[in-house]
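# Observations on the three-dimensional arrangement
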Amino acid sequence: MYQTSRSIYRDLAPRIDASGGAERTLAARQRLLEARESTVQRLVTDRRYFARPAKTLFTEVREYFVLAEQVRVYMVIERHIELIQEFLDSLPADVGRGDTGDRCGCARPGGGAHRSRLM
């Protein structure tokens, strides 16, 4: 899965619009890396509630590409996200995918719903 995630960056980084100068290009590459990592992380840990990961990632990074490249960018993202989803689907059921739902059995984050002792 790591290789597939990195290949998103390798395929898209050369297509970033360089007309804004070197500083903007470097910032765009960094943002592409961060968006890719957060999307894949959320796909692994919160898959049930992440309906359109390809669209989410594309929305985060589309501003860094010229309009003529955006269809290609979306197609690259969509294909790689599909590969990651296929990999996650191929994992055995007993392997933790991070999609555990309610981890502590409590309604809110923080400690469990325990009462203190009266005596």
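Attention here is on the structure that accompanies the text. (Residues numbered from 1 in each chain as written. Predicted model: local features only at pLDDT ≥ 70, side-chain atom pairs only at ≥ 80, totals over all residues. Heavy atoms only, no water.)

### Describing the packing of helix 2 (residues 22–45) against helix 4 (residues 70–90)
Working note: a packed helix pair is described by the angle between its axes plus the distance between those axes. Quick note on the threshold: Between N-to-C directions, angles span 0 to 180 degrees; the directions come from axes that are lines fitted to C-alpha atoms, helices contributing only their stretch in contact. Segments assigned H or I by DSSP are reported as helices when at least four residues long, segments assigned E as strands when at least two residues long, and all are numbered from the N terminus. Should an angle fall under 35 degrees it is called roughly parallel, over 145 degrees roughly antiparallel, and 65 to 115 degrees roughly perpendicular, with every other angle called oblique. Handedness of a helix crossing follows the sense of rotation of the near helix relative to the far helix, less than a right angle counterclockwise being left-handed and clockwise being right-handed. The contact rule is simple, with two residues in contact once any of their heavy atoms fall within 4.5 Å. Here the nonpolar group is Ala, Val, Leu, Ile, Met, Phe, Trp, Tyr, Cys and Pro; Asp, Glu, Lys and Arg are the charged ones; every other residue, Gly included, is treated as polar.
Running from amino to carboxyl end, helix 2 crosses helix 4 at an angle of 30°, the nearest separation of the two axes being 11 Å. It follows from the interaxial angle that helix 2 and helix 4 lie roughly parallel. Read as a crossing pair, helix 2 and helix 4 show a hand that is right-handed. The segment helix 2 lies against helix 4, with Thr39, Val40, Leu43 and Val44 engaging Ile81, Ile84, Gln85 and Leu88. Here the contact of helix 2 with helix 4 is built from residues that sort into six nonpolar, two polar and no charged.

### Observations concerning the environment of Thr56
Put simply, the rule reads: Any residue under 20% of the maximum accessible area for its type is buried, any over 50% is exposed, and the rest in between are partly exposed; the area is computed with a 1.4 Å probe on protein chains only.
Looking at where Thr56 falls in the secondary structure, it is placed in helix 3 (residues 53–61). Taking relative accessible area as the criterion, Thr56 reaches 28% and is therefore assigned partly exposed. Sequence separation of Thr56 and Ala35 is 21 residues, and the distance between their C-alpha atoms is 9.2 Å.

### Considerations on the packing of aromatic side chains
Put simply, the test is: Only Phe, Tyr and Trp rings take part, Trp by its six-membered ring, and two of them pair if their centres are within 6.5 Å. Stacked means planes under 30 degrees apart, edge-to-face means over 60, and tilted covers everything else. In our convention, an over-ring charge means Lys NZ or Arg CZ found within 6 Å of a ring centre and within 35 degrees of that ring's normal.
Tallying each qualifying case throughout the model produces one aromatic pair. Seen in terms of ring centroids, Phe58 and Tyr74 are 5.3 Å apart; in terms of plane orientation they differ by 85°. Their pairing is edge-to-face. Of this pair, Phe58 sits in helix 3 while Tyr74 sits in helix 4; the two residues are 16 residues apart in sequence, bridging distant segments of the chain. A cation over an aromatic ring shows up here: Arg42 above the ring of Phe50, its NZ or CZ 4.1 Å from the ring centre.

### Thoughts on the nonpolar core
Keep this limit in mind: Among the buried residues, those of types Ala, Val, Leu, Ile, Met, Phe, Trp, Tyr and Cys that are joined through side-chain atoms within 4.5 Å form a nonpolar core.
If you look at the biggest cluster of nonpolar residues, it comprises 26 residues, and the most contacted ones within it are Leu12, Val61, Phe65 and Ile77. Secondary structure elements with two or more residues in this core: helix 1 (2–12), helix 2, helix 3 and helix 4. The contacts of Leu12, once residues within four sequence positions are left out, are Leu32, Phe65, Val73, Val76 and Ile77.

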